[in-house]
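Structure assessment
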Amino acid sequence: MRSHLVLTFVAPAGFALLAGCYTGGGSTGRAPGPPQTMSGVVVDGESKVPLVGSIVIVEVGGLYQPNEDTSKGNPFYRFSAVTGADGSFSVTVPGEPVGLHTFQNGYYYGVLGPFDVRDQPHGNTVSAKSLLPASAKPTATNLTLSPSVVAAGANVTIAVDVAKAVAPMHDDPLSEEIIAAEPTMNWAAVLDPPSAGKQGTAFPDGHYSKTFAAPSARGVYTYSLLVSSEGCVTSDRVTATLTVQ
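Just so it is clear, the model here is predicted, and its values are computed rather than measured.

Regarding the sheet that holds strand β6 (residues 88–95)
Spatial ordering of the open sheet is given by β6-β3-β9, a layout of three strands whose pairing is mixed. Of all strands in the sheet, those with a lone pairing partner are β6 and β9 (124–128), marking the two edges. Here the average twist between neighbouring strands, direction ignored, is 35°. Sheet topology note: the strand β3 (residues 33–44)/β9 ladder contains five bridges and is parallel. Across the sheet, the residue bridging to V41 is T125, located in β9.

Some words on the packing of aromatic side chains
With the rule as written, the count across this model stands at four aromatic pairs. For the ring pair W187 and Y223, a centre distance of 5.6 Å and an interplane angle of 80° mean the geometry is edge-to-face. Remark: Y223 occurs in strand β16 (residues 219–229) and W187 occurs in strand β14 (residues 187–190); sequence separation between them is 36 residues. For the ring pair F212 and Y223, a centre distance of 5.4 Å and an interplane angle of 45° mean the geometry is tilted. Taken together, the positions of F212 in strand β15 (residues 206–213) and Y223 in strand β16 put the pair eleven residues apart, joining distant regions of the chain. Residue F212 shares its accessibility class with Y223, and that shared class is buried. One aromatic cluster is present, built from ring pairs that chain together W187, F212 and Y223.

Focus: empty space enclosed by the protein
Scanning the entire structure with this criterion turns up one cavity of 30 Å³ or more. Of the pockets and cavities examined, the largest cavity occupies roughly 40 Å³. For the largest cavity, the full set of lining residues is F103, Q104, N105, L226, V227, T234, S235 and R237.

Some remarks on the pattern of salt bridges
The full count for this structure, using the stated rule, is four salt bridges. The closest approach of N and O atoms between K137 and D236, which form a salt bridge, is 2.8 Å. With K137 in the loop between β9 and β10 (139–146) and D236 in the loop between β16 and β17 (238–244), the pair connects residues that are 99 residues apart, well separated along the chain. Residue classification places D236 among the partly exposed residues on the basis of a relative accessible area of 42%. Two residues, K164 and D171, come together in a salt bridge whose shortest N-O distance is 2.6 Å. In this structure K164 comes out as partly exposed when scored by relative accessible area, which is 31%.

Considerations on the nonpolar core
L145, I158, V160, Y208, L225 and L242 are the most contacted members of the largest nonpolar core, which totals 23 residues. When residues no more than four places from it in sequence are discounted, the contact partners of L225 are A140, L143, V160, I178, I179, A180, L191, R237 and V238. One finds V91, V93, V98 and V126 within the second-largest nonpolar core, a separate group that totals 19 residues.

Thresholds applied
Residues numbered from 1 in each chain as written. Predicted model: local features only at pLDDT ≥ 70, side-chain atom pairs only at ≥ 80, totals over all residues. Heavy atoms only, no water. Pairing = 2+ DSSP bridges. Helix = DSSP H or I, 4+ residues; strand = E, 2+ residues; numbered from the N terminus. Axes fitted to C-alpha atoms, helices over the stretch in contact; angles between N-to-C directions. Phe/Tyr/Trp six-rings, centres within 6.5 Å; stacked < 30°, edge-to-face > 60°. Buried < 20%, exposed > 50% of the residue type's maximum accessible area, 1.4 Å probe, protein only. 1 Å grid on protein atoms, 1.4 Å probe; cavity = no way out; pocket = protein on both sides within 12 Å on 5 of 7 lines; lining within 4 Å. Points joined across faces, edges and corners; volume = space filled by probe spheres on them. Salt bridge = Lys/Arg side-chain N within 4 Å of Asp/Glu carboxyl O. Core = buried A, V, L, I, M, F, W, Y, C linked by side-chain atoms within 4.5 Å. Contact = heavy atoms within 4.5 Å.

The following block contains the structure:
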């Protein structure tokens, strides 16, 4: 939930499209329906060139849903996808209002919504604006998965140290978007902060973590850690692997 708007476009069928951060939010008010496959594309906001490898996070229920307990990660960020060579993505989500959040190294945080996937399942375009060369980024370090080798369905804890950018002329605190994603499983979760934050204002620096169930199928899975500041600046992505035996 941000106060800084980077860039605004017009989306298909009259939906709000924003590159950067959004000052509004909320749900469109319809009851959930059956799962729906949603697709779209992430592009550079100026050149319109497709962005490869962007991670798209799906927030169910609308956009910037209120978190009743900010000592815990926002529970509405639940699905993820990654863009292919043509910048496109596809993900199956509940049939209800959603918001889209995009993360790409070297770009501001991007957002689209709220919209109902039953009305707009395809053709969703999210534009992202390149970071300014002097942009100070938040940092994510010491990412771990513990244990890193597990049985199918066993509990795993992902943890990371996160800090706001060191910028002498501008204070840009962390947002609540400290997100882990495994796009091949369409999985995402917001990590729990070291202490309660305030949506739209600031979340604390420190050690973030989340315990979750490992995938049910054997294999090696790559988890990405995504961070956005309140000024919409994204950290460089960090990853860790989990082996399910």
